[in-house]
Amino acid sequence: MKREEVAAFWEANAEAWTQLSREGYDIYRDALNTPAFLAMLPPVEGLAGLDVGCGEGSNTRKVAEYGALMQAVDISPTFIRHAQEVEAREPLGIVYQMADAHELPFEDARFDFVTAFMSLMDMPHQDSVLREIARVLKPGGFLQFSILHPCFVPPYRKTLRDAEGRVTGATIAGYFDDSQGQVERWIFSAAPKERQEAFAPFVIPRFHRTLSWWVDAIVGAGLTITKFGEPSASEELAQAFPTVADTRVVGIFLHVQAVNARV
Ligand SMILES: C[S@@+](CC[C@H](N)C(=O)[O-])C[C@H]1O[C@@H](n2cnc3c(N)ncnc32)[C@H](O)[C@@H]1O
């Protein structure tokens with residue numbers, strides 16, 4: 001699938017995604033994934049950061065609240081407009097702009113760190129995106145990103161439940177399929193029916209790669225992996241937010257931290 005087609009799908013998703021996530025229906029992100037990501041993030045106060053695939057800016061704002069001087073890019077103009085509107089109302093010094101992560105509009109060695117929350121797996125050429133990120137990172141700067149876990153969320157995954165509806169496992173397949181924009185359609189299941197029905201389902205092109213492919217691409221970009229994270233809900237969190245209970249049985253997200261080894 002061509003980059004322009006991927007961009008058009010995300011632009012079509014952006015209004016519904018912004019409204020529903022701001023209404024609190026992106027439970028995995030808010031309850032589990034972002035808190036775990038931020039817990040793994042090194043100190044960023046006073047550092048120049050770039051958030052790649054920022055969406056409507058919720059996670060960029062969280063990093064800025066730690067004192068980082070943030071810039072952020074997304075391929076979708078509607079996401080960028082929503083992010084800029086929040087910045088105008090409640091300024092955190094974040095500069096948002098529309099850009100394709102395959103061609104970052106920044107000079108070499110511009111940033112102390114780069115974040116990418118759940119965006120890299122949506123891009124067709126993640127190896128060139130990783131090289132772009134390495135290019136704009138200062139020597140010794142770091143990248144931290146989250147993606148769907150390549151091992152546990154390959155192109156086919158079906159969650160298994162017992163008679164009481166408790167998650168007991170998952171059937172997965174297609175791990176070695178190199179997907180080139182396989183389209184998935186869904187909407188935040190936590191949203192009440194009338195809110196789900198107010199929008200067309202999201203249409204999301206997936207670019208699944210194996211774990212070894214990701215490691216090769218990261219290392220090939222000149223980055224050294226320093227940390228992995230695999231968020232899993234505590235018993236208390238799963239009770240408070242049953243949506244995330246499945247992450248106690250099989251992971252959904254992979255977090256990667258890597259340092260620019262260039263000197
Ligand atoms: C799953 S959303 C995550 C958004 C946000 N980071 C969050 O955590 O809420 C993936 C984001 O990646 C963006 N995206 C996809 N392809 C992109 C590309 N080539 N360059 C920049 N952004 C891209 C989409 O527009 C979308 O905002």
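Calculation rules
Residues numbered from 1 in each chain as written. Predicted model: local features only at pLDDT ≥ 70, side-chain atom pairs only at ≥ 80, totals over all residues. Heavy atoms only, no water. Helix = DSSP H or I, 4+ residues; strand = E, 2+ residues; numbered from the N terminus. Rg over C-alpha atoms; globule rule 2.2 N^0.38 Å. Buried < 20%, exposed > 50% of the residue type's maximum accessible area, 1.4 Å probe, protein only. Contact = heavy atoms within 4.5 Å. Areas by Shrake-Rupley, 256 points an atom, 1.4 Å probe, with all protein chains shown as cover. Lys, Arg positive; Asp, Glu negative; His and termini not counted. Charge placed at Lys NZ, Arg CZ, Asp CG, Glu CD. 1 Å grid on protein atoms, 1.4 Å probe; cavity = no way out; pocket = protein on both sides within 12 Å on 5 of 7 lines; lining within 4 Å. Points joined across faces, edges and corners; volume = space filled by probe spheres on them. Nonpolar A, V, L, I, M, F, W, Y, C, P; charged D, E, K, R; others polar. Polar contact = N/O pair within 3.5 Å; in protein donor to acceptor, adjacent residues only side chain to side chain. Near = heavy atom within 4 Å. Pairing = 2+ DSSP bridges. Axes fitted to C-alpha atoms, helices over the stretch in contact; angles between N-to-C directions.

Undergrad: So what about the overall build of the chain? Which residues, and what values?
TA: For the chain, the helix and strand inventory stands at 8 helices and 11 strands. Radius of gyration (C-alpha) of the chain: 18 Å, near the 18 Å computed for a compact globule of 263 residues. Dimensions of the chain, computed from C-alpha atoms along their principal axes, come out at roughly 55 × 40 × 40 Å. Looking at the chain as a whole, 51% of its 263 residues qualify as buried. A separation threshold of at least 6 residues defines the contact pool for the chain, and within that pool the share at least 24 residues apart is 72%. In the structure as shown, the chain presents an accessible area of about 11,800 Å², 55% of it carried by carbon and sulfur atoms. Separation between the mean location of the 24 positive side-chain charges and that of the 35 negative ones in the chain comes to 1 Å.

Undergrad: Give me the lowdown on empty space enclosed by the protein, citing residues and values where you can.
TA: Applying the stated rule across the entire model yields 1 cavity of 30 Å³ or more. Approximately 40 Å³ is the volume found for the largest cavity. Among the residues making up the lining of the largest cavity, the classes are represented as 6 nonpolar, 1 polar and 2 charged.

Undergrad: Break down the environment of T247 for me, with residues and values.
TA: Within the secondary structure layout, T247 lies in the loop between α8 (235-240) and β11 (253-260). Expressed as a C-alpha distance, the spacing of T247 and S232, which sit 15 residues apart in the sequence, is 4.9 Å. Within the structure, T247 has its side chain in polar contact with the backbone nitrogen of A233 (distance 3.0 Å).

Undergrad: Lay out the site of the ligand with the relevant residues and their values.
TA: Close to the ligand lie 19 residues; G53, N59, D74, A101 and F117 are nearest. Within the side chain of R29, an N or O atom sits 3.3 Å from an oxygen atom of the ligand. Relative to its free-state accessible area of 590 Å², the ligand is covered by the protein chains to the extent of 96%. In terms of residue class, the shell around the ligand is made up of 10 nonpolar, 5 polar and 4 charged.

Undergrad: How would you sum up the sheet that holds strand β5 (residues 137-148)? Please name residues and give values.
TA: Across the sheet, 7 strands lie side by side as β3-β2-β1-β4-β5-β11-β10; this open sheet has mixed pairing. In the strand order of this sheet, the two ends are held by β3 (95-98) and β10 (223-229), each with one partner. Averaged over all adjacent pairs, the angle separating strand axes in this sheet is 20°, with direction ignored. Note: β5 against β11, 7 bridges, orientation antiparallel. Bridge pairing in β11 links I147 to L254. Against the sheet, helix α5 (residues 126-136) touches β1 (48-52), β4 (111-117), β5, β10 and β11, its axis set at about 145° to β5.

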